[in-house]
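Architecture at a glance
This is what each chain is made of:
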Amino acid sequence: MSQVMSGYQMVSANNQEKIVGLPGSAILSLSGGVAPLPVKGAIKEEILCSREPIYLAGHYLKFSRFLSQTPWEVDGKRMYETSIQEEIERIVLPIFLPRTAKFHSGGREDIDVRMLGEGRPFVLELIDAKRIPSSFDEGLLGRIEADLKKNPLVNVRGLYMDNEKCFERLKESETEKIKAYACIVHCSRPVKPEDIENLHKVRDLKIAQKTPLRVLHRRTLMIREKIIHRLRAVQLNEQFLIVAVLSSAGTYIKEFVHGDLERTVPNLGTLLHAETDILPVSYTHLRAHETPEHLVCRLLLEKKK
């Protein structure tokens, strides 16, 4: 409904028409007995139009290790050229022409971590869209997905129109039971076949993680108990491994690998009786407990029974 500001009250267009038809005495009584000021110039009315937000939901996949989820600035300086949000908006905003947009997601990965597998759930909230595509245009979302698949940095899949309950579902996705990761690990000594066998024997290993040093400036100092459900490893050469991890939600995988100065115990280094460090890491599945075993990751991770 369009409304205009009259004095200190919001008056609807319908009521304006009624007021205009009233005699002067009636208008005077409506204004509390105070005569209106004489008009000395043109009257300016402002009409504000708005509509319910559009919630465009789906899953994004991130292929770059130099890409933040949203635009990132430090002291007014842009840290990265683009972001996941901006890459998606580049295709979506010209179609819907919203006044503004907000990006929401079920958690986030580190900038240098890829998001693979089925992707991470997100919602792009389009506020006051000027263009509403016809409900008969069934191929619109598919065309948006196809356009984004041409992007070497970000893809999206499973796009659909959601409602305001999408935020509850995003919150739930952050606490999914088991996450799957894959990373490259360097070991300070040559890795033996029995080391690989020992890693494969890990079942529901409880670990204690003190808040990592790298996030201590923005996270509460505390000890978090997490679970490493399964480990799988493939040896690349004497001292390098590809390690796949099934862990409980919220596990700091980088710290599990290198130990974070013994702030995470036990860690991969203590399991191998050596010093270990991590190279690239990628999410492979966020809902690994619901994913068929052959899809959890390319290393044939065994999902938790």
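Further up the page is the structure itself.
For the structure given in this document, a descriptive report is provided here. Within any chain, residue numbers begin from 1 and follow the written order of that chain's sequence. Two thresholds apply to this predicted model, a pLDDT of at least 70 for residue-level local features and 80 or more for giving and counting side-chain atom pairs, whereas whole-chain, interface and lining totals are computed over all residues. In computing side-chain properties, one takes all heavy atoms of the structure into account and sets aside hydrogens as well as water.

**Examining a negative patch on the surface**
- Surface patches are drawn from residues lacking salt bridges whose relative accessible area is over 30%; two like charges belong together within 9 Å, two nonpolar side chains (Val, Leu, Ile, Met, Phe, Trp, Tyr) within 5 Å. Accessible surface is estimated by sampling points in the Shrake-Rupley manner with a 1.4 Å probe; for residues, cover comes only from the protein chains shown. Salt bridges are defined by distance alone: a side-chain nitrogen of Lys or Arg within 4 Å of a carboxyl oxygen of Asp or Glu. We count Lys and Arg on the positive side and Asp and Glu on the negative side, and we leave His and both chain ends out. We put the charge of a Lys on NZ, of an Arg on CZ, of an Asp on CG and of a Glu on CD. Taken together, E52, E164, E168 and E172 make up a surface patch of like negative charges.
- Think of it this way: any DSSP run of H or I at least four residues long counts as a helix, any run of E at least two long counts as a strand, and we number them from the N terminus. By secondary structure assignment, the location of E168 is in helix 5 (residues 166-173).

**Quick word on the packing of aromatic side chains**
- Note on ring pairs: Phe, Tyr and Trp rings are taken, using the six-membered ring of Trp, and paired if centres are within 6.5 Å. Classes follow the plane angle, with under 30 degrees stacked, over 60 edge-to-face and the rest tilted. Summed over the entire model, instances satisfying the criterion amount to five aromatic pairs.
- For the ring pair Y60 and F122, a centre distance of 6.2 Å and an interplane angle of 50° mean the geometry is tilted. Pair noted here: Y60 is in strand 3 (residues 54-62) and F122 is in strand 7 (residues 113-127), with a separation of 62 residues, a long-range link.
- Here F122 falls in the buried class, since its relative accessible area comes to 2%.
- Put simply, the rings of Y60, F103 and F122 pair up and form one aromatic cluster. Burial classification: accessible surface area is computed with a 1.4 Å probe over protein chains only, and a residue below 20% of its type maximum counts as buried, one above 50% as exposed, and the rest as partly exposed.

**With respect to unusual backbone geometry**
- In this structure, P266 follows V265 across a cis peptide bond, with omega equal to -15°.
- Relative to the helices and strands, P266 resides in the loop between strand 13 (264-265) and helix 8 (268-272).
- Although it is not a glycine, D204 adopts a positive phi angle of roughly 50°.
- Inspection of the secondary structure assignment puts D204 in the loop between helix 6 (193-200) and strand 10 (205-210).
- When its relative accessible area of 34% is taken as the criterion, D204 is described as partly exposed.

**A few points about helix 4 (residues 140-148)**
- Where helix 4 is concerned, the buried positions are L140, L141, I144, E145 and L148. Along the long axis of helix 4, the arc covered by the buried residues comes to 140°, so they all point the same way.
- Buried residues belonging to helix 4 abut strand 3, helix 3 (84-96) and strand 8 (154-162). The directions considered for the arc are those from the helix axis to the C-beta atoms. What makes two residues a contact is simply this: any of their non-hydrogen atoms within 4.5 Å.

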